[in-house]
Amino acid sequence: GTYDDDQVDFLCLCLSSFGENLLDIGANVGLIAIRVARAGAMVEAIEPVAENAARLGASARLSGVAERIHIRQVALGETSGTVILTREAGFGAATGNAVDSSIAGTLKGHRMTVPQVRLDDLELDRVDVIKIDVEGNETFVLRGGMKTIERYRPVIVGEFNSALMPLHGHSFLDVSQLLDPLEYRYFQFVSAAEISEQVPRVGLGNAIAA
């Protein structure tokens with residue numbers, strides 16, 4: 001009941017300020033999606049791991065918010081097709097690489113092949129806030145969704161994994177290069193009610209683009 005309280009509170013604040021539609025990329029079992037939906041948000045939940053997506057759906061029904069959460073059991077990436085993911089122990093996040101799936105083999109865990117689509121191909125009616133946690137694949141996901149991001153210019157709250165992004169040859173600077181033309185600014189959490197502006201840099205991790 002206390003998982004990521006600051007992040008959930010901040011997401012709820014963003015949704016109350018900018019709109020009710022959250023795109024949860026890497027929804028896992030719904031630790032954030034369920035709580036945000038309870039607060040009144042409409043959630044488009046992206047979760048490629050079948051067991052996680054099933055648990056998310058069951059939790060949504062038990063929590064009385066199934067009508068507020070739409071689950072898509074796919075991965076998002078720069079291209080459409082399939083991608084190899086490596087699932088960590090338990091219900092941990094999955095990681096992979098749409099360009100060089102051999103990288104997944106360097107990570108410990110169960111490997112699986114799942115369908116992958118581009119964010120732009122989802123043709124979403126509206127996106128106000130994006131939460132993204134895809135274990136180092138953030139740049140690939142954003143590259144496949146720049147038309148959507150340009151159209152709606154959502155607030156982006158991301159776990160830009162500074163340890164795993166380099167495995168794919170990326171850093172937060174690649175993220176900022178995509179978002180700079182849309183005049184995004186970058187922030188980090190101080191608390192749920194306070195953020196500090198940051199200059200984009202290689203090691204910038206959990207961050208907000210707005």
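Residues numbered from 1 in each chain as written. Predicted model: local features only at pLDDT ≥ 70, side-chain atom pairs only at ≥ 80, totals over all residues. Heavy atoms only, no water.

Engineer: Can you help me understand the packing of aromatic side chains in this one?
Structural biologist: Any aromatic ring pair is given by two values, namely how distant the centres are and how the planes are angled relative to each other. Applying the stated criterion to the full structure yields three aromatic pairs. Measuring from centroid to centroid gives 5.1 Å for Phe160 and Phe172, while their planes differ by 80°, and the two rings are edge-to-face. Here Phe172 lies in helix α6 (residues 172–179) and Phe160 lies in the loop between β9 (155–159) and α6, a separation of 12 residues in the sequence. The structure contains a cluster of three or more aromatic residues connected by ring pairs, namely Phe160, Phe172 and Tyr186. Positioned above the aromatic ring of Tyr184 is the side chain of Arg153, whose terminal nitrogen or guanidinium carbon lies 4.0 Å from the ring centre. (Phe/Tyr/Trp six-rings, centres within 6.5 Å; stacked < 30°, edge-to-face > 60°. Helix = DSSP H or I, 4+ residues; strand = E, 2+ residues; numbered from the N terminus. Lys NZ or Arg CZ within 6 Å of the ring centre and 35° of its normal.)

Engineer: Which parts of the structure should I look at to understand the confidence of the model for the chain?
Structural biologist: The predicted coordinates ought not to be read in detail in places where the model reports low pLDDT. On average, residues of the chain score 89 in pLDDT, and 88% of them reach the 70 mark or higher. Within the model, the stretch residues 97–107 combines pLDDT values under 50 with 24 contacts to residues more than four positions away or in other chains. (pLDDT = per-residue confidence, 0-100. Contact = heavy atoms within 4.5 Å.)

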